[in-house]
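# Working through the structure, step by step
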Amino acid sequence: MSGLRKRAYIVFALSGWLCCSTILLSRYTSEMMELYITTIETKNMNKSDTKVDKRQDDECKRVFEWSMIDSWKDLNAQTSLTFNMTSLPERKTLKSKRLAPDNKEIEMSILVQNNNLDLTVVDMFPSSRTAMSEPFQINLWHRMVSQYEAFVGVQTAKYRYGLNTTETVYLFDCKRNNNKIGDLPPEWDKIGNTTCDESIKSRASVIITPPIDGLLWDLAWKRDFECFNSEMFKAFASQYVDKSSAMEVVGCWIGRKGRPMREVTNKKDLFKMMHEVFPRVRDIELTRNHSTDETIDLLYECRVLFGIHGAGQMNAIFARPGVSVVEIVGKTGAAYYKNINMLLGQHYEAIMGDDKAINENFEVDLVEARDALTRAKDHAEAWIKKHDGKW
């Protein structure tokens, strides 16, 4: 081969090598860049998730954390932020704002009649006139609204003004709908004594009229709310149940006994799938006829609660700490139980389940449900090990 041919061949070979190398390098660089971007996105996502788990925005601190007690504005505080116990009776009217975007004002009042500090009466008469938070409600979500309102009033009197009385009694308007004190939902017995006798107000050292709007109700459709692990809301939930924990992860289906809509049409297949995910599965039907203690006992073993959107999902408040909740929501945009479990610091996941409207019956997507339940089970196991089953 001549020198010229050799040089031409070498140049041609080098050109081919450079071309292939460039292509390979380009592909390698592209793949590495894609991997780098994916890694960064994953890190950012994980970092974001970590922050979200602990995040409490300003709205949270103003309405659902212990700091909310100081956020109420005292309309009567011209000279003193406390009660003058030598010049009674004295009333303080407190106002705050509901969650955005509503921002309407809500109000409560605290009246100190004498300095004996032996009896606090929580006047639930105004709540009795509000249909959505009426204390005698059958719907668990609705009646928890009035119980949380009462809780906020009592805690404000106690921690803001130091009004620690030896007894707290909740006063109800039984005449309004011909109710009897025995018709009250059982949760009230857990938080104090109850009566329909208005004369008790004359004997009270402190009379609290709690707020009757906002608070829990504002969570119903609030999808952009950040309030994880609210110590105040967990204290509210702890009134009802001692928050200890069983170790075995039992999956519990929360049914809708006696409800004409939102039934599962493939329940047999659904339960077969649940038995493949959990070591044990329970089918629980909760009604108003169950006492609070009976509800607590029924939920004692449950580490994952699973069911269709409805007031039954509110029973997560009676479960052990760290319970995981999977809710079938269909097309609804409701955020009731997402926000409740966020306040309790509990794992929550919503699945479509079926693309029907929420007032229809459902054929649950078993693949979607299995994936969600597996994540919930893994989270419950990890939570128990990390926290020793306690808040």
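Presented here is a report on the structure given in the accompanying data block. (Residues numbered from 1 in each chain as written. Predicted model: local features only at pLDDT ≥ 70, side-chain atom pairs only at ≥ 80, totals over all residues. Heavy atoms only, no water.)

### Examining the state of the cysteines
Summed over all chains, the structure comprises three disulfides. Disulfide partner of cysteine 252: cysteine 302, at an S-S distance of 2.0 Å. Its S-S torsion of approximately -90 degrees makes the covalent link between cysteine 252 and cysteine 302 left-handed. With cysteine 252 in strand β8 (residues 250-254) and cysteine 302 in strand β10 (residues 302-308), this pair connects stretches of sequence that are 50 residues apart. No difference in accessibility class separates cysteine 252 from cysteine 302, as the two residues are buried. Ordering the disulfide-forming cysteines of the protein chain by sequence position, one finds them joined as 1-4, 2-3, 5-6. (Disulfide = S-S within 2.5 Å. Helix = DSSP H or I, 4+ residues; strand = E, 2+ residues; numbered from the N terminus. Buried < 20%, exposed > 50% of the residue type's maximum accessible area, 1.4 Å probe, protein only.)

### Quick word on the sheet that holds β10
Strand pairing in a sheet is mediated by backbone hydrogen bonds. Such pairs are either parallel or antiparallel. Overall, parallel pairing links the five strands, which are arranged β9-β8-β10-β11-β12 in an open sheet. Lying at the two open borders of the sheet, with one neighbouring strand each, are β9 (280-284) and β12 (348-351). When the angles between neighbouring strand axes are averaged without regard to direction, this sheet yields 20 degrees. Alignment of β8 against β10, held across four bridges, turns out to be parallel. Across the sheet, valine 250 pairs through a bridge with cysteine 302, a residue of β10. (Pairing = 2+ DSSP bridges. Axes fitted to C-alpha atoms, helices over the stretch in contact; angles between N-to-C directions.)

Structural measurements only, silent on function.
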